[in-house]
Amino acid sequence: MTLELFDEADAARDRLAGRLAAGLNRLVDVDLLLKKLLIHARSLVKAEAGTVYLVRRGRLVFAISQNDYLEKAVGIGQDLPFLGENLRIDRGTLAGFVAIEQRPLTVNDTDRIDPDSPFQHYKRLDHVNSYVCRAIATLPLKASGGETLGVLQLINPQTVSGLSTEFSPGGERALAFFADSAALALEKALMLRKTTLLTIRAVTASDPTETAAHAQRVARLSAEIYDHWANGRKTPVVERERVLNLLPVAAMMHDIGKCFISREVLGKPGRLNLIERKAMEGHVAVGAAMFSIPRTYLDRLALNVILDHHERWDGLGYPGRLGLSDYDASGRAKGKKGEEISIFGRILAVADVYDALSSRRIYKEAFDESLAVQIMEQESGHHFDPEVIESFMAVRQVLGKIRQRFPETGANEDDEPSPGELGQDYDWRDRGPTQPPDLEAPAEDEP
Ligand SMILES: [Fe+2]
């Protein structure tokens, strides 16, 4: 009877793992997918903490970490101290071992790893964070071509009543099944991001102001602003998640029409004459034409973003109400104003202008954050929707983090940030003597 109940529970967990992994397939935004992937994996084994590492430029980078215990300590919504760090891929760490061997590995008591084992659990980070990683399940995330995309790590499983426990064989099996399917969803999202960024490079080739880093910063800031705005409006969760999944992809394409504007106009350092300015403004209509027959929600988002991101709240933007024969005496299409402009265009306008102000351009140095934010605030109700500016101000703590993640350097032209861009070039075992003096063992760590 006990055995039957056990099998039933395991079978139910396997089915849940299948459903959760299938749900990841509809996600295209890498950040959102990683967040959900880790939440789902943790829920399968009730893990107190977990991490997803991604392989980037030959290292394992902490792409996302969740830790119920530490999040209480550092504050909900704050980054965990090791986020963005990275480590060498070798067999010496659990994550490195699994990345190379490509098979799951479970350690139910990190104090009892055989000293002759090639991998060890390095406890330095445990000491630094006052958190003990006692039981760790580590699984490879393998791409369809067989290579390791990343590593999934679940830490400290708990019973229903919140007591520490070990990983059960059933839990390990469900995790392995989940990780195999989730890896394919991750591969698809990474591939879409790469394709989008390659397309953007067609623009960056002729326009020095449009970098892949700019596109990604605008995308991430747009998502943050939208999330706050939608939260304030009590937008249903399903709708919010649909937009949060697709808006970053659409936002990256906001200036895609520039690939049809001449290099002379795009790269001209001085003021544009009237003809040149009209040609430049044409990037909106040209880009929108690429999505003029929207088939999907993403197409519609992209169309809104492209068409409306240079409109202004006060009606002085462009391209105006194209195709509606609503022109002024000089033959210029009358501008959309206020809520005639789609919310996605209003959000993009804020994200795009802020990023331009805080970036170096041919004609100006980068404004520091406080000056750029001040200018944005002054334009509330003029250039920008006041409600969107409210949301922008509410999320301003992420501005520095976004710029740090996608810096304006040559290296960021790669879609995968280098280790140095995301954090220190880091190896747990190389770190200096930060171990508290009352601890004995040579301090090393692994989260
Ligand atoms: Fe633009």
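All of these numbers come straight from a predicted model, not from anything done at the bench. (Residues numbered from 1 in each chain as written. Predicted model: local features only at pLDDT ≥ 70, side-chain atom pairs only at ≥ 80, totals over all residues.)

**Q** What am I meant to see in the confidence of the model for the protein chain here?
**A** Do not read the fine detail of predicted coordinates wherever pLDDT is low. A residue-level look at the protein chain finds 82% of positions with pLDDT of 70 or above and a mean pLDDT of 83. Confidence scores differ between elements of the protein chain, with helix α16 (residues 419-422) showing the lowest mean pLDDT of 36 and helix α14 (residues 386-394) the highest of 98. Throughout residues 410-447 the model reports pLDDT below 50, and contacts reaching past four residues in sequence, or to other chains, amount to 81 contacts. (pLDDT = per-residue confidence, 0-100. Helix = DSSP H or I, 4+ residues; strand = E, 2+ residues; numbered from the N terminus. Contact = placed C-beta atoms within 7 Å.)

**Q** What am I meant to see in the packing of helix α7 (residues 212-232) against helix α12 (residues 343-357) here?
**A** Packed helices, taken two at a time, are described by their axes: the angle between them and the distance between them. Direction vectors running N to C along α7 and α12 enclose 135°, while the axes themselves pass 9 Å from each other. Taken together, α7 and α12 sit at an angle that is classed as oblique. Viewed along their axes, α7 and α12 form a crossing whose handedness is right-handed. Within the contact between the two elements, α7 uses His214, Arg217, Val218, Leu221, Ser222, Ile225 and Tyr226 and α12 uses Ile347, Leu348, Val350, Ala351, Asp352, Tyr354 and Asp355. In terms of residue class, the contact of α7 with α12 is built from 9 nonpolar, 2 polar and 3 charged. (Axes fitted to C-alpha atoms, helices over the stretch in contact; angles between N-to-C directions. Parallel < 35°, antiparallel > 145°, perpendicular 65-115°, else oblique. Left-handed = near helix turned anticlockwise from the far one by under 90°. Nonpolar A, V, L, I, M, F, W, Y, C, P; charged D, E, K, R; others polar.)

**Q** Sorry, what's going on with the nonpolar core here?
**A** Nonpolar side chains in soluble globular proteins tend to end up buried together. Counting 52 residues, the largest nonpolar core has Leu33, Leu37, Tyr53, Leu175, Phe178, Ala182 and Leu186 as the members making the most contacts within it. Those elements that place two or more of their residues in this core are α1 (2-24), α2 (30-45), β1 (47-56), β2 (59-67), α4 (94-101), β5 (136-142), β6 (148-157) and α6 (169-204). It is α6 that provides the largest number of residues to this core, a total of 9 residues. The residues contacting Leu175, other than those within four sequence positions of it, are Ala41, Leu44, Val45, Ala137, Leu139 and Leu154. In this structure, Ile200, Ala212, Ile347 and Val350 belong to the second largest nonpolar core, which totals 47 residues. (Core = buried A, V, L, I, M, F, W, Y, C linked by C-beta atoms within 7 Å. Buried ≥ 20, exposed ≤ 12 C-beta atoms within 10 Å, placed from the backbone.)

**Q** Help me understand unusual backbone geometry in this model?
**A** Glycine aside, residues mostly have negative phi, and peptide bonds are mostly found in the trans state. Omega for the bond connecting Tyr318 with Pro319 falls within 30 degrees of zero, at 10°, which places this linkage in the cis form. The backbone phi angle of Asn156 is positive, close to 55°, even though this residue is not glycine. Position of Asn156 among the secondary structure elements: in strand β6. You can call Asn156 buried: it has 24 C-beta atoms within 10 Å.

**Q** Would you explain the pairing of β6 in this entry?
**A** Every other side chain in a regular strand lies on the same face of the sheet, so the side chains alternate between the two faces. Within β6, 10 of the 10 residues are buried, leaving the element largely enclosed by the surrounding structure. Here β1 pairs with β6 via 7 bridges, running antiparallel. Counted as the bridge partner of Ala47 is Pro157 from β6. Between β5 and the antiparallel strand that follows it, β6, lie 5 residues; Gly146 among them carries a positive phi value of about 100°. (Pairing = 2+ DSSP bridges.)

**Q** Sorry, what's going on with the pairing of β5 here?
**A** Where burial is concerned, most of β5 is hidden: 7 out of the 7 residues are buried. By the alternation rule, side chains of β5 split into Ile136, Thr138, Pro140 and Lys142 and Ala137, Leu139 and Leu141, which are all buried. Note: strand β4 (residues 105-107) against β5, 3 bridges, orientation antiparallel. Bridge pairing links Thr106 to Ala137 in β5. Inspection of the sheet shows β5 paired to β6 by 7 bridges, in the antiparallel sense.

**Q** Mind showing me how you'd approach the sheet that holds β6 here?
**A** The strands that make up a sheet are held in pairs by hydrogen bonds between backbone atoms, and each pair lies either parallel or antiparallel. Read across the open sheet, the 6 strands follow the order β3-β2-β1-β6-β5-β4; overall the sheet is antiparallel. At either margin of the open sheet sits one strand with a lone partner, and together these are β3 (86-88) and β4. With direction set aside, neighbouring strand axes in the sheet form an average angle of 25°. Against the sheet, α2 engages β1, β2, β5 and β6, with an angle of about 140° to β1. Contacts between α4 and the sheet are confined to β1, β2, β3, β4, β5 and β6, with β5 contributing the most and set at about 35° to the helix.

**Q** What is the right way to look at the environment of Ser262 in this model?
**A** Position of Ser262 among the secondary structure elements: in the loop between α8 (237-252) and α9 (263-266). Of the residues examined, Ser262 has 12 C-beta atoms within 10 Å and is grouped as exposed. Separated by 18 residues in the primary sequence, Ser262 and Met280 place their C-alpha atoms 8.6 Å from one another.

**Q** Help me out: how do you make sense of the environment of Pro104 in this one?
**A** Within the secondary structure, Pro104 is located in the loop between α4 and β4. Along the sequence, Pro104 and Ala176 sit 72 residues apart, while their C-alpha atoms lie 7.1 Å from each other. If sequence neighbours within four positions are ignored, Pro104 has contacts with Val98, Ala137, Thr138, Leu139, Glu172 and Ala176.

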